Amino acid sequence: MSHSIQFSTPSRTLHFPPTRLHPPLSSFSFRQFPLTSTFKHTSLRASSSPSPDSSSSSSLLHSPNGTPAVKSEERSSGIDVDTVTEAELKENGFRSTRRTKLICTIGPATCGFEQLEALAEGGMNVARLNMCHGTRDWHRDVIRSVRRLNEEKGFAVAIMMDTEGSEIHMGDLGGEASAKAEDGEVWTFTVRAFDASRPERTISVSYDGFAEDVRVGDELLVDGGMVRFDVIEKIGPDVKCLCTDPGLLLPRANLTFWRDGSLVRERNAMLPTISSKDWLDIDFGIAEGVDFIAVSFVKSAEVINHLKSYLAARPGGGDIGVIAKIESIDSLTNLEEIILASDGAMVARGDLGAQIPLEQVPAAQQRIVKVCRELNKPVIVASQLLESMIEYPTPTRAEVADVSEAVRQRSDALMLSGESAMGQFPDKALTVLRSVSLRIERWWREEKRYEATPLQAISSASSDKISEEICNSASKMANNLGVDAVFVYTKNGHMASLVSRCRPDCPIFAFTNTTSVRRRLNLQWGLIPFRLSFSEDMESNLNKTFSLLKSRGMIKSGDLVIAVSDMLQSIQVMNVP
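Rules behind the numbers
Numbering of residues starts from 1 in every chain and runs along the sequence as written. At least 70 in pLDDT is required for a residue's local features to be given in this predicted model, at least 80 for side-chain atom pairs to be given and counted, and no such filter applies to totals for whole chains, interfaces and linings, which use all residues. To get the side-chain values, take all heavy atoms of the structure and skip hydrogens and water. Being paired, for any two strands, means DSSP has found at least two bridges between them. In this description a helix means any DSSP run of H or I spanning at least four residues, a strand means any run of E spanning at least two, and both kinds are numbered starting from the N terminus. For the exposure calls, accessible area comes from a 1.4 Å probe over protein chains only, and a residue counts as buried if that area is under 20% of its type's maximum, exposed if over 50%, partly exposed in between. Note that the arc is computed from the directions linking the helix axis to the C-beta atoms. Pairs of residues are marked as contacts when any of their non-hydrogen atoms sit within 4.5 Å. Multiplying 1.5 Å by the helix residue count minus one yields the expected span of that helix. Axis definition: a line fitted to C-alpha atoms, over the contacting stretch in the case of helices. Angles run 0 to 180 degrees between N-to-C directions. Any angle between 65 and 115 degrees counts as roughly perpendicular, while under 35 counts as roughly parallel, over 145 as roughly antiparallel, and the rest as oblique. In a left-handed crossing the near helix is turned counterclockwise from the far helix by less than a right angle, and in a right-handed crossing that turn is clockwise. Residues are grouped as follows: Ala, Val, Leu, Ile, Met, Phe, Trp, Tyr, Cys and Pro are nonpolar; Asp, Glu, Lys and Arg are charged; every other residue, Gly included, is polar. Here a cavity denotes grid points, spaced 1 Å and computed from the protein atoms alone, that fit a 1.4 Å probe unable to get out, and a pocket denotes an open set having protein on both sides within 12 Å along at least 5 of 7 lines; residues with an atom within 4 Å of a point are the lining. Grid points are joined across faces, edges and corners, and a volume is the space filled by probe spheres set on the points. Each domain's extent was defined by an automatic or database domain assignment. By salt bridge we mean one thing: a side-chain nitrogen of Lys or Arg within 4 Å of a carboxyl oxygen of Asp or Glu. Here a pair means two rings of Phe, Tyr or Trp (six-membered ring of Trp) with centres within 6.5 Å. Their orientation is stacked below 30 degrees between planes, edge-to-face above 60, and tilted elsewhere. Working rule: Lys NZ or Arg CZ, within 6 Å of ring centre, within 35 degrees of ring normal, means a charge sits over the ring.

Reading across the sheet, the seven strands line up as 13-12-16-15-14-18-19 and stay open at both edges, with mixed pairing between neighbours. Looking at the sheet topology across the chains shown, the edges are occupied by strand 13 (202-204) and strand 19 (262-263). Alignment of strand 12 (residues 186-190) against strand 13, held across three bridges, turns out to be parallel. Of the residues in strand 13, the one forming a bridge with Phe189 is Ile203.

For the α-helix, the turn length of 3.6 residues means that residues three or four positions removed from each other point alike. Along helix 2 (residues 113-122), the residues classified as buried are Phe113, Leu116, Glu117, Leu119 and Ala120. Angular distribution of buried residues about the axis of helix 2 spans 160°; they occupy a single face of the element. In this structure, the buried residues of helix 2 make contact with helix 1 (83-92), strand 8 (101-105), strand 9 (124-130), helix 3 (136-153) and helix 13 (426-447). Backbone geometry just downstream of helix 2 places Gly123 in the positive-phi region, at approximately 120°.

This brings us to helix 6 (residues 301-312). Taking 1.5 Å as the rise per residue, helix 6 with 12 residues should run 16 Å; its terminal C-alpha atoms sit 16 Å apart, in good agreement. Within the span of helix 6, buried status applies to Ala301, Val303, Ile304, Leu307, Tyr310 and Leu311. Along its buried surface, helix 6 packs onto helix 5 (276-288), strand 20 (292-295), strand 21 (321-326) and helix 8 (335-341).

Right, let's talk about the packing of helix 2 against helix 13 for a bit. It is at 10 Å that the axes of helix 2 and helix 13 come closest, and there the two elements cross at 15°. In terms of axis orientation, helix 2 runs roughly parallel to helix 13. Here helix 2 runs over helix 13; the crossing is right-handed. In this structure, helix 2 contributes Ala118, Leu119 and Gly122 to the contact, and helix 13 contributes Pro426, Asp427, Leu430 and Arg434. A class-by-class count of the residues in the contact of helix 2 with helix 13 yields four nonpolar, one polar and two charged.

This part is about the layout of surface pockets. Of the pockets and cavities examined, the largest pocket occupies roughly 970 Å³. Forming the boundary of the largest pocket are 43 residues, of which Asn130, Cys132, His133, Leu250 and Pro251 lie nearest the centre. Class assignment for the residues of the lining of the largest pocket results in 16 nonpolar, 16 polar and 11 charged. Counting contributing residues, the lining of the largest pocket receives three or more from each of domain 1 (96-165 + 272-447) and domain 2 (179-270). Its volume calculated, the second largest pocket comes out at about 690 Å³. Lining the second largest pocket we find 30 residues, and of these Asp343, Asn376, Lys377, His494 and Ser497 sit closest to its centre.

Counted by the stated rule, this structure contains 29 salt bridges. One salt bridge in this structure joins Arg252 and Glu164, with 2.2 Å as the shortest N-O distance. Here the residue Arg252 occupies a position in the loop between strand 17 (247-249) and strand 18 (255-259), and Glu164 occupies one in the loop between strand 10 (158-162) and strand 11 (179-181), the gap between them amounting to 88 residues. Exposure remark for Glu164: the relative accessible area of 7% places this residue in the buried category. The closest approach of N and O atoms between Glu185 and Arg201, which form a salt bridge, is 3.3 Å. A residue pair is termed long-range when its members are at least 10 positions apart, and Glu185 in the loop between strand 11 and strand 12 and Arg201 in the loop between strand 12 and strand 13 qualify at 16 residues. The class of Glu185 is buried, set by a relative accessible area of 15%. Since its relative accessible area comes to 34%, Arg201 is described here as partly exposed. Each of the salt bridges in this network shares a partner with another, and the network as a whole consists of Arg136, Glu164, Arg252, Lys277 and Asp281.

Let us look at the packing of aromatic side chains. In this structure the tally under the stated criterion is 12 aromatic pairs. Arranged with centres 5.1 Å apart and planes meeting at 20°, the rings of Tyr489 and Phe511 form a pair that is stacked. Placement of the pair is Tyr489 in strand 25 (residues 485-489) and Phe511 in strand 26 (residues 508-512), with a sequence separation of 22 residues. Judged by centre distance (6.4 Å) and plane angle (70°), the rings of Phe509 and Phe511 are edge-to-face. Both residues of the pair, Phe509 and Phe511, count as buried. Each member of the aromatic cluster is reached from another via a ring pair, and the members are Phe487, Tyr489, Phe509, Phe511, Phe530, Phe534 and Phe546. Residue placement shows Arg314 over the ring face of Tyr310; its charged tip is 3.6 Å from the ring centre.

This is how it looks when you write it as structure tokens:
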């Protein structure tokens, strides 16, 4: 039996092609129809006879020999996918693909082309550049190495530039990679600049008012509490501090100080979110075409809106996503408005843990992840995920549990910091993130398959509401029908992000015709981004996609897929021919 589905309005009737029922499913479409004041008269009816124009659109186009046809002007190899994803799909199938994305901070341990390639092959989706460290020339070399890697190997590794911010930081340790502070040692923190070599156990501080604001008896926390000092004496621009919790001091580490159990904010709270150096770094990022800019110590949505306006006014800047780093009391207070204004958020737990009590950090993380999911913004869980692997080849069991919890919360991405930037085992740390993510995701599918997370409506315009409902329905159908993959054809990535928000059980193949959009989609949960030239004709797009993916062994006849598109708002369910 064949059926056609037909939407009718007083002014227009749309016919949809008859399709052969797949046991148990048919290939069918829901398509957008005019929304008018006479909407209440719209009728939905099914007919067992084909529509008059069904002969031209009844099924996928085929060539005379029965194979899916590809237009002559389209290149048979016209699809970009990385070699690792291709091999993974060939060897293990759809269900083996990892949904949680992985971010690696690039530093001295990983800045070479071969090292970057090893990270990409190990699962790195985004390369992070921390502008607290290194020169712009150094960062430029890394950016160009990543771009070369993408071009030569088909990867879609995105580049995230992380601004330094105006909060108090340590200096560069005189060129040393790190310094060890031992219990009972006295160190000097000073605002003085040194022309010659830095005196022993002396740390320069970026904030000129530091010696004035700090008091004897205050507690000084380095890098969110990784090392602790008590202030014991002030001598002009120098502050003498006694180490009470030993640890590793890293260049440009964040500094906070506490008094009587409370964070000292005062003049530090008045510093601008984006410093003069940050603006120069942002101009550098625009010129080099980075994909994301992460803004440190965001206090309100105003700074995000200001930066986005600045980016939009510059050539190429409008394509850059803005990530808000949630790492202060102010950012938690204004969380919803900040996330709504941003293109994503980062849970920067290290600095956040220096501003709120440690026992509040897990609840804050869960809240941030939840709000980002509700507002359809990608969320990154960062800081100290595998901190021990900076020095050791295996993580602690507590670190593994921490990573597992972030995956279980359905975070979009996990981020390595020092582990990949200057650790001794960056590849092994990435392997741990990848293997733990895969295992917890498989557990979730096995144990929580039918557990639905209610999501609030986020769209206001009627066309956006339709897209949102289509993606919600497609994800629900994918789970209920056990489809092998959801195909999303998207020009700007929005439709793919809506499907990702629903966290369906199957992988999401996101096809876009823009390389920059493909890279940005690589940050979002479950999306496997492809670059593919496509048209407004969904039949032709599906033909082309099936032909290209089958020729590379990435899908096979009989695979069940759901296809949605932001060009023609529709849902199509079909078997690969």
